[in-house]
Amino acid sequence: MKLKFSATLFLVVVFLGFMMDYDSGVESYSKIEITQPPPLILTPDSTFKLQPIVENVDLKGYEVIFSFKLYYKDKMAKPIDLKKGPPIDGYCSDLTIITFYLENQDSVKVESVKRMSCQILAIFNLTKEQNSKLRTYPMKSIKVLNYVTENQYTFSVSDKVYWNRWINKYNNWR
């Protein structure tokens, strides 16, 4: 009899457990708001966007920028029509090189992390020296090179102190 009562009680608890919402009052780590700087848009149609990546956003006082990402589309002159799916209108890349031309006549050249991407998202890691130059001197222009196609794009920068502002705000270098 005692075994039957225990088994019935167990089933009732399990059944009620499935019906209850345990998540209703619990904060989740996925709800941490991660604020990143707005991207630097290099073209009117937003096909080239550059954005610093703020690391350690959940550790106040330890935020730092030592990486950035570049989204871009290396457009083909004539799209390739496929039998199925949308036409291909851009090249892919596994390596992008970006060069920042600074107001002091210096430049900072950075290679992306190698990864194949066709909606090109290139990730770049800055050395301490590169970070220091971008923190100190305003930008004049930026050159993007798709290393696979050798297509180059050069942009004048309207917000010349974009990097200065963001790197200096998050300057807790390791």
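All of the points below concern the structure found in this document. (Residues numbered from 1 in each chain as written. Predicted model: local features only at pLDDT ≥ 70, side-chain atom pairs only at ≥ 80, totals over all residues. Heavy atoms only, no water.)

**Re the overall build of the protein**
Assigned secondary structure in the protein consists of three helices and ten strands. For the protein, the α and β elements follow one another from N to C terminus as α-β-β-β-β-β-β-β-β-α-β-β-α. Here the protein, with 174 residues, has 34% of them falling under the buried criterion. In the protein, of all internal contacts separated by at least 6 residues, the share reaching a separation of at least 24 is 55%. Entry remark: accessible area of the protein is about 11700 Å², with carbon and sulfur atoms responsible for 58%. (Helix = DSSP H or I, 4+ residues; strand = E, 2+ residues; numbered from the N terminus. Buried < 20%, exposed > 50% of the residue type's maximum accessible area, 1.4 Å probe, protein only. Contact = heavy atoms within 4.5 Å. Areas by Shrake-Rupley, 256 points an atom, 1.4 Å probe, with all protein chains shown as cover.)

**Some details on the pattern of salt bridges**
Pairs can form between side chains of opposite charge whenever their charged atoms are close. Taken as a whole and assessed by the stated rule, the structure comprises five salt bridges. Of the charged contacts in the structure, one is a salt bridge between K60 and E63, with a shortest N-O distance of 3.9 Å. Judged by relative accessible area, K60 falls into the exposed class, the value being 68%. With its nearest N and O atoms 3.7 Å apart, the salt bridge here joins K133 to E129. In this pair, K133 and E129 are both assigned in helix α2 (residues 128-136), four residues apart and thus about one turn of the helix distant. Here E129 falls in the exposed class, since its relative accessible area comes to 54%. Linked through salt bridges whose partners overlap, the residues forming this network are D106, E129 and K133. (Salt bridge = Lys/Arg side-chain N within 4 Å of Asp/Glu carboxyl O.)

**Re the packing of aromatic side chains**
Two numbers describe a pair of aromatic rings. These are the distance of the centres and the angle of the planes. One pass over the structure, following the stated rule, counts nine aromatic pairs. An angle of 65° between the planes, with centres 5.2 Å apart, marks the rings of F68 and W163 as edge-to-face. Taken as a pair, F68 in strand β3 (residues 64-72) and W163 in helix α3 (residues 162-169) lie far apart in primary sequence, 95 residues in all. The pair formed by F68 and W163 is uniform in burial state, with each residue classed as buried. Pairwise contacts between aromatic rings join F68, F100, F124, Y162 and W163 into one cluster. (Phe/Tyr/Trp six-rings, centres within 6.5 Å; stacked < 30°, edge-to-face > 60°.)

**Section: the sheet that holds strand β2 (residues 48-55)**
Taking strand neighbours across the sheet as the criterion, the four strands line up as β1-β2-β3-β8 in an open arrangement whose pairing is antiparallel. Every other strand in the sheet has two partners, leaving β1 (40-41) and β8 (121-125) as the edge strands with one partner each. Contacts between α3 and the sheet are confined to β1, β2 and β3, with β2 contributing the most and set at about 15° to the helix. (Pairing = 2+ DSSP bridges. Axes fitted to C-alpha atoms, helices over the stretch in contact; angles between N-to-C directions.)

**A word on the pairing of strand β10 (residues 151-156)**
Where a strand is regular, its side chains alternate between the two sheet faces. Bridging between strand β9 (residues 139-146) and β10 involves six bridges; their strand directions are antiparallel. Across the sheet, the residue bridging to L145 is Q152, located in β10. Count of turn residues in the β9/β10 antiparallel hairpin: four residues, of which E150 carries a positive phi of about 65°.

**What to know about the sheet that holds strand β6 (residues 96-102)**
If you trace the four strands from one edge of the open sheet to the other, you get β7-β6-β9-β10, paired in antiparallel fashion. The open sheet terminates on both sides in strands that have one partner only, identified here as β7 (107-111) and β10. Mean inter-strand twist for the sheet, computed between neighbouring axes without regard to direction, equals 15°. As paired strands, β6 and β9 are joined by seven bridges and run antiparallel to one another. By the bridge assignment for β9, I97 is matched with L145. Sheet contacts for α2: β6 and β7; angle to β7, the most-contacted strand, approximately 135°.

**Describing the nonpolar core**
Of all hydrophobic cores here, the largest spans 30 residues; its most connected members are L50, I98, F100, M139, I142 and W163. When residues no more than four places from it in sequence are discounted, the contact partners of L50 are P39, L40, F68, K69, L70, I98, F100, I142, Y162 and W163. (Core = buried A, V, L, I, M, F, W, Y, C linked by side-chain atoms within 4.5 Å.)

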